[in-house]
Amino acid sequence: MSQLRLDPLTGRWVVIAAERAARPDAFVRPVLEVQADPSRCPFCPGNEEATPPALETYGPNGGWLVRVVPNLYPAFAGDEPMAVSTFGPVFTQAPASGIHEVLVLSPEHSVPWSGLSDAQAGLVMAAIRDRVAEHASTAGLRYSQVIVNSGREAGASLEHPHAQLLGMPFVPREVADEQAGFARFEGNCLLCTVADAEQGVGHRIVQEDERAIVVCPYWSGTPYEMLIIPKAHDAHIHRAAPLDVAGVGRAIRDCLVSLEATVGPVAYNVVFHAAPYRASGGFHWHVHLLPKLTTRAGFELGTGVPINLVAPEDAAGALRANDQTAAAS
Ligand SMILES: [Zn+2]
Ligand SMILES: [Zn+2]
Ligand SMILES: [Zn+2]
């Protein structure tokens with residue numbers, strides 16, 4: 001029997017249709033190569049002149065370990081105020097002012113987040129935290145969206161592993177929906193409660209350490225979806241303690257290792273969520289890890305209701321069995 005589950009963050013229903021499923025290898029297919037020739041990669045050391053000058057670099061003098069550059073084809077740019085213009089009854093527009101940056105995860109062309117050392121994952125997260133703090137102090141901006149697209153099916157156009165940071169002059173719908181979810185929740189904090197409740201039952205936990213807990217959420221809309229919750233309650237990544245931020249970076253790495261061990265090479269999106277900079281009201285920053293194993297088809301596009309063929313309890317069990325951190329300890 002399929003089941004409806006409510007996503008308390010967004011207020012949306014999800015269909016868990018596990019009887020139609022779907023062993024892990026049912027999804028395996030080759031990951032499309034993004035770009036074959038690393039010698040022409042704009043993100044490799046030695047090719048720095050192929051990008052605009054760096055906004056920030058991290059690493060020893062004379063070299064870099066993490067590099068932040070402006071996106072050559074920005075979705076948001078400039079500092080015009082968000083002035084809404086209306087042309088007739090249904091044509092409303094505003095300048096897409098803001099910031100669009102690329103954060104190169106490491107000098108290594110072929111090392112994705114799953115291959116980063118603890119130190120490098122920590123440095124990437126420190127850089128993200130710094131950049132979001134910088135965005136937050138920029139007049140006219142309200143929210144920063146941090147993402148990683150890995151693999152062409154997930155939207156990556158360059159192979160060299162990188163994140164993107166988009167500083168925006170409005171609060172996007174998905175984040176506004178989550179803010180409403182926190183506000184609607186009658187307990188103390190929705191995600192602190194999720195962490196407690198999942199510890200109580202245990203079977204949707206993928207991994208856990210003193211900084212972060214990773215679960216396949218009860219309301220997973222996509223197979224092997226994971227939610228990474230820092231244990232310390234903070235609304236904003238840019239105000240969270242550096243050790244907690246670094247811990248989430250390690251958790252992302254470990255989840256990606258488990259994911260690949262479970263389903264094979266796979267494209268994925270990593271999506272960070274934090275409160276809008278000046279929001280009052282509850283929020284708890286977190287990271288969604290969304291493997292690209294299925295395509296949103298007509299029903300999902302028509303209704304906004306996902307159908308998930310893998311029950312999150314089964315997904316978590318499989319991922320946990322492939323958790324290298326547990327095996328090592
Ligand atoms: Zn490269
Ligand atoms: Zn919380
Ligand atoms: Zn979220």
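Residues numbered from 1 in each chain as written. Chains lettered and ligands numbered in written order. Predicted model: local features only at pLDDT ≥ 70, side-chain atom pairs only at ≥ 80, totals over all residues.

Caption draft 1: The arrangement of the overall build of the protein chain in detail. Of regular secondary structure, the protein chain possesses seven helices and 15 strands. The C-alpha radius of gyration of the protein chain comes to 20 Å, within 12% of the 20 Å expected for a compact globule of 329 residues. Seen through its principal axes, the protein chain has C-alpha atoms that stretch 55 × 50 × 40 Å. Taking all 329 residues of the protein chain together, 42% fall into the buried category. Of the contacts made within the protein chain by residues no fewer than 6 positions apart, 71% connect residues no fewer than 24 positions apart. (Helix = DSSP H or I, 4+ residues; strand = E, 2+ residues; numbered from the N terminus. Rg over C-alpha atoms; globule rule 2.2 N^0.38 Å. Buried ≥ 20, exposed ≤ 12 C-beta atoms within 10 Å, placed from the backbone. Contact = placed C-beta atoms within 7 Å.)

Caption draft 2: Inspection of the sheet that holds strand E1 (residues 3-7) at higher detail. The strand order E1-E2-E15 describes an open sheet built from three strands, whose pairing is mixed. Bordering the open sheet on either side are E1 and strand E15 (307-308), each of which pairs with just one other strand. Relative to E15, strand E2 (residues 12-16) runs parallel, the two sharing two bridges. In the sheet register, Val-15 faces E15, and the bridge partner there is Ile-307. (Pairing = 2+ DSSP bridges.)

Caption draft 3: How the structure looks around helix H4 (residues 242-263). Between its first and last C-alpha, H4 extends 32 Å over 22 residues, near the 32 Å set by a 1.5 Å rise per residue. The buried fraction of H4 amounts to 17 of the 22 residues, a majority that puts the element mostly inside the structure. Once H4 ends, the next one or two residues include Gly-264, with phi positive near 90°. (Expected span 1.5 Å × (residues − 1).)

Caption draft 4: Representation of helix H6 (residues 312-321) within the structure. Every buried residue of H6 is accounted for by Pro-312, Ala-315, Ala-316 and Leu-319. The arc that holds every buried residue of H6, seen down its axis, measures 95°, which confines them to one face. If you follow the buried residues of H6, they end up packed against strand E10 (205-208), strand E11 (212-215) and H4. (Arc of directions from axis to C-beta.)

Caption draft 5: Spatial organisation of the pairing of strand E14 (residues 286-291). Sheet analysis places strand E12 (residues 226-230) next to E14, joined by three bridges and oriented antiparallel. Residue pairing for E14: Leu-227 is matched across the bridge by His-288. Pairing of strand E13 (residues 268-273) with E14, which is carried by six bridges, proceeds in the antiparallel orientation. Its bridge partner being in E14, Tyr-268 is matched across the sheet by Pro-291.

Caption draft 6: Just unusual backbone geometry, in detail. The backbone phi angle of Tyr-224 is positive, close to 65°, even though this residue is not glycine. Structurally, the position occupied by Tyr-224 is in the loop between E11 and E12. Judged by the 28 C-beta atoms lying within 10 Å of it, Tyr-224 falls in the buried class.

Caption draft 7: How the structure looks around the sheet that holds strand E4 (residues 66-70). Spatially, the 10 strands line up as an open sheet ordered E3-E4-E7-E9-E8-E13-E14-E12-E11-E10, and their pairing is antiparallel. Since the sheet does not close on itself, it has two edges, and those belong to strand E3 (56-58) and E10, each with one partner. Averaged over neighbouring strand pairs, the angle between their axes works out to 20° when direction is ignored. Two strands pair when backbone bridges link them, and E4 and strand E7 (residues 99-104) are joined in this way by four bridges, in the antiparallel orientation. Counterpart to Val-69 in the pairing with E7 is Val-102. On top of the sheet, H4 reaches E10, E11, E12, E13 and E14; it is set at about 160° to E12, its chief contact. (Axes fitted to C-alpha atoms, helices over the stretch in contact; angles between N-to-C directions.)

Caption draft 8: Local environment of the packing of helix H1 (residues 118-136) against H4. Interhelical geometry of H1 versus H4 gives an angle of 120° and a closest axis separation of 8 Å. What the angle tells us is that H1 and H4 run oblique. As H1 packs across H4, the resulting crossing turns out to be right-handed. Contacts between H1 and H4 pair Asp-118, Ala-121, Gly-122, Val-124, Met-125, Ala-126 and Arg-129 from the former with Pro-242, Val-245, Ala-246, Val-248, Gly-249, Arg-250 and Arg-253 from the latter. Residue composition of the contact of H1 with H4, grouped by class: eight nonpolar, two polar and four charged. (Parallel < 35°, antiparallel > 145°, perpendicular 65-115°, else oblique. Left-handed = near helix turned anticlockwise from the far one by under 90°. Nonpolar A, V, L, I, M, F, W, Y, C, P; charged D, E, K, R; others polar.)

Caption draft 9: View of the environment of Arg-253. Within the fold, Arg-253 resides in helix H4. On the basis of neighbour counts, which here come to 22 C-beta atoms within 10 Å, the residue Arg-253 falls in the buried class. Spatially, the C-alpha atoms of Arg-253 and Gln-324 are 11 Å apart, while their sequence positions differ by 71 residues. When near neighbours in sequence (up to four residues on either side) are disregarded, Arg-253 contacts Trp-113, Ser-114, Leu-116 and Ala-121.

Caption draft 10: Spotlight on the nonpolar core. In terms of nonpolar packing, the biggest core is built from 81 residues, with Leu-103, Val-124, Ile-128, Val-214, Ile-228, Ile-252 and Cys-255 touching the most fellow members. In this structure, Val-214 is in contact with Val-206, Gln-207, Glu-208, Met-226, Ile-228, Ala-251 and Cys-255, ignoring residues within four places of it in sequence. (Core = buried A, V, L, I, M, F, W, Y, C linked by C-beta atoms within 7 Å.)

Caption draft 11: Representation of the pairing of E7 within the structure. Within E7, five of the six residues are buried, which leaves it mostly tucked inside the rest of the structure. Where E7 and strand E9 (residues 162-168) come together, six bridges link them in antiparallel fashion. When the bridges of E9 are listed, Leu-103 appears paired with Ala-163.

So, to be careful, I would describe these as geometric facts and stop short of saying anything about function.
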